[in-house]
Amino acid sequence: MYVCLCKGITDGQIRDAVHQGCDSLRDLRRELGVASQCGKCARQAREEIRSARAEA
Ligand code: FES
């Protein structure tokens with residue numbers, strides 16, 4: 001499922017990034033570009049970070 005349409009980033013990519021050490025929306029933005037354009041995905045991206053952490 002796409003979380004960030006502007007950058008074409010999926011929930012799976014976010015999960016992988018979190019498992020590899022991305023710990024915040026800022027990290028995700030730096031690594032993947034998530035939330036670097038319209039910003040609409042920020043809330044969903046935070047949710048994904050939270051659930052990925054929970055399963056790590
Ligand atoms: Fe992620 Fe627009 S959907 S920046």
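In what follows, the accompanying structure is described. (Residues numbered from 1 in each chain as written. Predicted model: local features only at pLDDT ≥ 70, side-chain atom pairs only at ≥ 80, totals over all residues. Heavy atoms only, no water.)

1. Considerations on the nonpolar core
Core analysis: the largest hydrophobic core is formed by 16 residues, its most contacted members being Ile14, Leu25, Leu28, Val34, Ala35, Cys41 and Ala45. Counting residues per element, the ones that place at least two in this core are strand 1 (2-4), helix 1 (11-19), helix 2 (25-32) and helix 3 (42-55). With four residues, helix 3 is the largest single contributor of residues to this core. Residue contacts for Ala45: discarding those within four places in its chain leaves Val3, Ile14, Leu25, Leu28 and Val34. (Core = buried A, V, L, I, M, F, W, Y, C linked by side-chain atoms within 4.5 Å. Buried < 20%, exposed > 50% of the residue type's maximum accessible area, 1.4 Å probe, protein only. Helix = DSSP H or I, 4+ residues; strand = E, 2+ residues; numbered from the N terminus. Contact = heavy atoms within 4.5 Å.)

2. Things to note about helix 3
Under the 1.5 Å per step criterion, the end-to-end length of helix 3 is 20 Å for 14 residues, consistent within 8% with the ideal 20 Å. Listing the buried residues of helix 3 in full gives Ala42, Ala45, Glu48, Ile49 and Ala52. What you see down the axis of helix 3 is that its buried residues fit within an arc of 115 degrees, all on one side. The exposed residues of helix 3 that point more than 90 degrees off its buried face are Arg43 and Ala54. Of the surrounding elements, those touching the buried residues of helix 3 are strand 1, helix 1 and helix 2. (Expected span 1.5 Å × (residues − 1). Arc of directions from axis to C-beta.)

3. Quick look at unusual backbone geometry
We note that Ala35 has phi near 65 degrees; this positive angle belongs to a residue other than glycine. Within the secondary structure, Ala35 is located in the loop between helix 2 and helix 3.

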